[in-house]
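Reading the structure
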Amino acid sequence: MRKIAAVARKEFRQIARDPRTLMTLLFVPLFVLLLYGYALNFDIRHIRLAVDDRDRTPESRSLVAAFVNSGYFDLVAAVDADPKKAVVSDRPAATELMDRNDVRAVLVVPNGLGRDVRVGHRVDVQVLLNGDNSNTATTVMAYATTIIRTEGLRYAARAAAAAPAANGPGASIRVATPLVTVEPRVWYNPQLRSALFLVPGLIAYIAMISAVISTALSIVREKERGTMEQVRMAPLGATSFVVGKVVPYFAISLLSAVGVIVVSMILFDLPMRGSWLLLLAALSLFLVGALGLGLLISSVAETQQVAFQLALLASFLPTLMLSGFIFPISSMPRVLQVITYAVPARYFLIALRSIVLKGAGVAAYALELGALTTFAILVLTLASVRLRRQWT
Amino acid sequence: MNAIVVKDLTRRFGDFAAVDRLSFEVAKGEIFGFLGSNGAGKSTTIRMLCGLLKPTSGSATVDGVDVSRDPEAVKQRIGYMSQRFSLYERLTVDQNISFFGGIYGLDRTRLDARRRFVLDMAGLAGRERLRAADLAGGWRQRLALGCAILHEPPVVFLDEPTGGVDPVSRREFWRLIDHLSASGVTVLVTTHYLDEAEHCNRIAIIHAGRLAAIGTTAELKQVFADRTIVEIRTSNAVEAMRLIERAPDVEKTSVFGTSVHAVLKHGERDVDGVKARLEHAGVPVASIEPVPPSLEDVFLDVVEEAG
């Protein structure tokens, strides 16, 4: 016990005196959180829109207003595809605006829209979209469809109300109102802010990378410097050495992860609907697995450079791509889906989202906690077998 | 009983025998020198004696403990220090001492006493708060020795302890080793510096994993008992060597600084012949006279014989 304490104390002192490690463990995570938190935003706003209003009636104007007032679109240009109507001759055509990337969408209101909707006739409104980014285009299309449909219903209601007065009793306009409508209620994240979806992933990602890299490097550094050999000459078992070494990194990683969570709550309005105790438990399990992975890497690598590359490969890529952090696992090819079962972040993410966003009880993610435990035991066993073999 | 007993110790790496049936004994309190060129098997032997490497065959006991049977017990009884020791550079002198004391399981009172001893011994009192990285070579080396003997081991292994250290610090270091030995600690030391080997009570020369010679320096020098070494001072050492190397009365030659050492087969009566040969060829001979064999002469001779 005294020996383990000596190793742990030494490690703490080394970390405290090594600005690089300290940065990696405490500030890089926060920096990454801010960078990703603000840059990785799937919410689409301020879509540059051009309007080609060939109708110029109160009805067409109210449709354009509906786009602008939705908050998603910024009206940046008015085009006139019809030369006869061109007020200013040098107004660019819609194609030109799209080509130059000045606008992402063009709303084309056909001539006669006002007249037709007043009598309850069907009208087609055209929306041109830039599809070079298919994700954005899909989202913009959904926004435009919703706005136009809502506006269409309003026209219909107005036409129905006006009909008796205009055509006398008995005449009727059939307003096409669908019999079944969708009333979506989005739970846990009602505004569908992508931050709430991404930040938990980010927490897992940051914790994984810093824990794996710092542990792997700290042991390999001792191999490189020759201090490992010196320590092996002492009557100190491999287990005492490894435990003493892991304890400080566990404490610091935990602190850093909690810091990232708290900052996420402040900056990204991440809620905390579940219990902190469960969160810490899940986080600890996840971190122990990550530290174990770092140890395993340190038992393979002989130089810090190799250790760094292996650690990056083992933590960065799988956690980013195969954990459900950004890309949903259910839409991956079968083979990749199978691989994701070996990625601990996958389980941690489910647990984390359940605790933070849903406030769900342990039952909801007991399986995931079990998987995290299994992973931790597996890598720790492997790592200790390998390290102990190298010890004597 | 002897502090170190090595019997037929062998270590193979695949087909290669790094250490080959090595046997020797070191008495308690003795300073035992281990000489050999790079790759001769010195470090492999030390690693086996420290319990870090399992012998392929043969046996070794250190302070009465069998190294292959109980390596952990061996570790408690030895101190080890190498040239590339291996302090934690970012930590202070004090923190390094605390760490090594900690992993050897010293309790607080004992650690404090030993800390004072080590600081005194290494001349580091008042420098406790300096980082190990900021210490000059000699101090670092003495601190390293101090950390290796915090737990007062009866046997100390020093693997090329004085590499890269200035002559004054080296002399200081050997004074510490003499002190250790006087207090009953057994020291096994490997070195490249043959002048340092003169400090040892006994020396073993190993070559290609085997024991080539063992004994006190005086005993080792006996290999030249019936031969004569002459030192030739000349302005053209290279030409001189070329001329006499194949002469019938010269056994072998080697360069020592600016002069040439020649081993003569028939003793002093060959001296005039050699001198005449050189002068005849136009190589000026400033002096040519018999010299007592140095340890370097012995080392080269022994290694060549063991070939």
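Note that the structure is predicted; figures quoted are calculated from it, not measured.

1. Things to note about the overall build of chain A
Summing up its helical and strand segments, chain A has 14 helices and 4 strands in all. Taken over C-alpha atoms, the radius of gyration comes to 30 Å for chain A, far larger than the 21 Å a tight globule of 392 residues would show. Scored against the burial criterion, the 392 residues of chain A give a buried share of 46%. For chain A, the proportion of contacts with a sequence separation of at least 24, taken over those separated by at least 6, is 77%. Accessible area of chain A: about 19900 Å², with a carbon and sulfur share of 63%.

2. Side note on the packing of helix 9 (residues 238-268) of chain A against helix 10 (residues 276-300) of chain A
Residue and element names in this part refer to chain A. Interaxial distance between helix 9 and helix 10 falls to 9 Å at its minimum, and their mutual angle equals 135 degrees. Overall, the two elements helix 9 and helix 10 adopt an arrangement that is oblique. Crossing hand, helix 9 versus helix 10: right-handed. Packed against helix 9, whose contacting residues are Val242, Val246, Tyr249, Phe250, Ser253, Leu254, Ala257, Val258, Ile261, Val262 and Met265, the element helix 10 presents Trp276, Leu279, Leu280, Leu283, Ser284, Leu287, Val288, Leu291 and Leu295 at the interface. When the residues that make up the contact of helix 9 with helix 10 are grouped by side-chain class, the tally is 18 nonpolar, 2 polar and no charged.

3. Some words on the sheet that holds strand 4 (residues 126-129) of chain A
Residues and elements named next belong to chain A. One open sheet holds the 4 strands; their spatial order is 2-1-3-4, and the pairing between them is mixed. Looking at the sheet topology across the chains shown, the edges are occupied by strand 2 (73-78) and strand 4. Ignoring which end each strand starts from, the neighbouring axes of this sheet average 30 degrees apart. Examined bridge by bridge, strand 3 (residues 105-109) and strand 4 share 4 bridges and lie antiparallel to one another. When the sheet's bridge partners are listed, Val106 is paired in strand 4 with Leu128.

4. Things to note about the sheet that holds strand 4 (residues 57-62) of chain B
All names here are of chain B. The strand order across the open sheet formed by 4 strands is 2-1-4-5, and the pairing between neighbours is antiparallel. Both outer strands of the open sheet, strand 2 (16-26) and strand 5 (65-66), are each paired with one neighbouring strand and no more. Bridge count between strand 1 (residues 4-13) and strand 4: 5 bridges; the pairing is antiparallel. Across the sheet, residue Val6 finds its bridge partner in strand 4, namely Ala60.

5. Focus on helix 13 (residues 344-358) of chain A
Residue and element names in this part refer to chain A. With 15 residues, helix 13 should cover 21 Å at 1.5 Å per step; its first-to-last C-alpha distance of 21 Å lies within 8% of that length. Burial runs high along helix 13: 13 of the 15 residues are buried. Phi for Gly359, located one or two positions after helix 13, is positive at around 65 degrees.

6. Thoughts on helix 3 (residues 93-103) of chain B
Most of helix 3 of chain B sits out of view: 10 of its 11 residues are buried. Its buried side turned inward, helix 3 of chain B meets helix 1 (2-16) and helix 8 (227-232) of chain A together with helix 4 (108-121) and helix 5 (137-148) of chain B. Count one or two residues on from helix 3 of chain B and you reach Gly105 of chain B, which has phi positive near 80 degrees.

7. Points about the domain arrangement of chain B
Residue and element names in this part refer to chain B. Here chain B is described as being made up of domain 1 (4-215) and domain 2 (221-306). The C-alpha centroid of domain 2 is placed 37 Å from the C-alpha centroid of domain 1. Each partner contributes to the interface: domain 1 provides 11 residues, whereas domain 2 provides 8 residues. Across the domain 1 to domain 2 interface the summed buried area is about 760 Å²; carbon plus sulfur atoms make up 84%. Taken as a group, Leu194, Ile205 and His207 account for 58% of the area that domain 1 buries against domain 2, more than any other trio of residues on that side. Where domain 1 packs against domain 2, one counts 0 residue pairs in polar contact (both at pLDDT 80 or more). Those elements giving two or more residues to the side of domain 1 that touches domain 2 turn out to be helix 7 (194-197), strand 9 (202-207) and strand 10 (210-215). At 3 residues, strand 9 tops the list of elements feeding residues into the side of domain 1 that touches domain 2.

8. A closer look at the interface of chain A and chain B
With 25 residues of chain A at the contact, the number on the chain B side is 27 residues. With both chains or domains summed, chain A and chain B bury close to 2700 Å², and 58% of this area falls on carbon and sulfur atoms. Three residues stand out in chain A for area buried against chain B, namely Arg17, Gln230 and Met233 of chain A, and they jointly supply 27% of the buried area on that side. Put simply, Arg47 of chain B and Glu229 of chain A hold a salt bridge, and the shortest N to O gap is 2.9 Å. At the boundary of chain A with chain B, the tally comes to 8 residue pairs in polar contact (both at pLDDT 80 or more). Where the side of chain A that touches chain B is concerned, the elements lending two or more residues are helix 1, helix 2 (19-39), helix 7 (194-225) and helix 8 of chain A. Residues of the side of chain A that touches chain B, tallied by class, amount to 9 nonpolar, 5 polar and 11 charged.

9. Looking at unusual backbone geometry
Residue and element names in this part refer to chain B. Within the chain, Asp8 stands out as a residue other than glycine whose phi angle is a positive 50 degrees. Inspection of the secondary structure puts Asp8 in strand 1. Within the chain, Arg21 stands out as a residue other than glycine whose phi angle is a positive 45 degrees. With respect to the secondary-structure elements, Arg21 resides in strand 2. Looking at Arg21, the relative accessible area reads 53%, which means it is exposed.

10. Some words on the environment of Glu368 of chain A
All names here are of chain A. As for its placement among the helices and strands, Glu368 is situated in helix 14 (residues 366-391). A residue is classified by how much of its surface remains accessible, and Glu368, at 14% relative accessible area, is buried. Taking the C-alpha atoms as reference, Glu368 lies 9.1 Å from Leu349; in sequence the two are 19 residues apart. Excluding residues within four positions of it along the chain, Glu368 makes contact with Tyr347 and Ile350.

11. Examining a nonpolar patch on the surface
Residues and elements named next belong to chain A. A cluster of nonpolar side chains, namely Leu34, Tyr38, Val262, Ile266, Leu267, Trp276 and Leu280, defines an oily patch on the protein surface of about 630 Å² accessible area. For the nonpolar patch, the secondary structure elements donating two or more residues are helix 2, helix 9 and helix 10. At 3 residues, the largest contribution of residues to the nonpolar patch is made by helix 9. The exposure class of Trp276 is partly exposed, given its relative accessible area of 37%.

12. Description of the pattern of salt bridges
Residue and element names in this part refer to chain B. Summed over the entire model, instances satisfying the criterion amount to 38 salt bridges over all chains. Salt-bridge contacts for Glu152 lead to Arg114; the nearest nitrogen and oxygen are separated by 3.8 Å. Of this pair, Glu152 sits in the loop between helix 5 and strand 7 (155-159) while Arg114 sits in helix 4, placing them 38 residues apart in sequence. The class of Glu152 is partly exposed, set by a relative accessible area of 45%. A salt bridge links Lys252 to Asp301; the nearest nitrogen and oxygen atoms lie 2.2 Å apart.

Each value, and the rule that gives it
- Residues numbered from 1 in each chain as written.
- Chains lettered and ligands numbered in written order.
- Predicted model: local features only at pLDDT ≥ 70, side-chain atom pairs only at ≥ 80, totals over all residues.
- Heavy atoms only, no water.
- Helix = DSSP H or I, 4+ residues; strand = E, 2+ residues; numbered from the N terminus.
- Rg over C-alpha atoms; globule rule 2.2 N^0.38 Å.
- Buried < 20%, exposed > 50% of the residue type's maximum accessible area, 1.4 Å probe, protein only.
- Contact = heavy atoms within 4.5 Å.
- Areas by Shrake-Rupley, 256 points an atom, 1.4 Å probe, with all protein chains shown as cover.
- Axes fitted to C-alpha atoms, helices over the stretch in contact; angles between N-to-C directions.
- Parallel < 35°, antiparallel > 145°, perpendicular 65-115°, else oblique.
- Left-handed = near helix turned anticlockwise from the far one by under 90°.
- Nonpolar A, V, L, I, M, F, W, Y, C, P; charged D, E, K, R; others polar.
- Pairing = 2+ DSSP bridges.
- Expected span 1.5 Å × (residues − 1).
- Domains from an automatic or database assignment.
- Buried area = accessible area lost by both parts, 1.4 Å probe.
- Polar contact = N/O pair within 3.5 Å; in protein donor to acceptor, adjacent residues only side chain to side chain.
- Salt bridge = Lys/Arg side-chain N within 4 Å of Asp/Glu carboxyl O.
- Patch = residues over 30% accessible without salt bridge, like charges linked within 9 Å, V, L, I, M, F, W, Y side chains within 5 Å.

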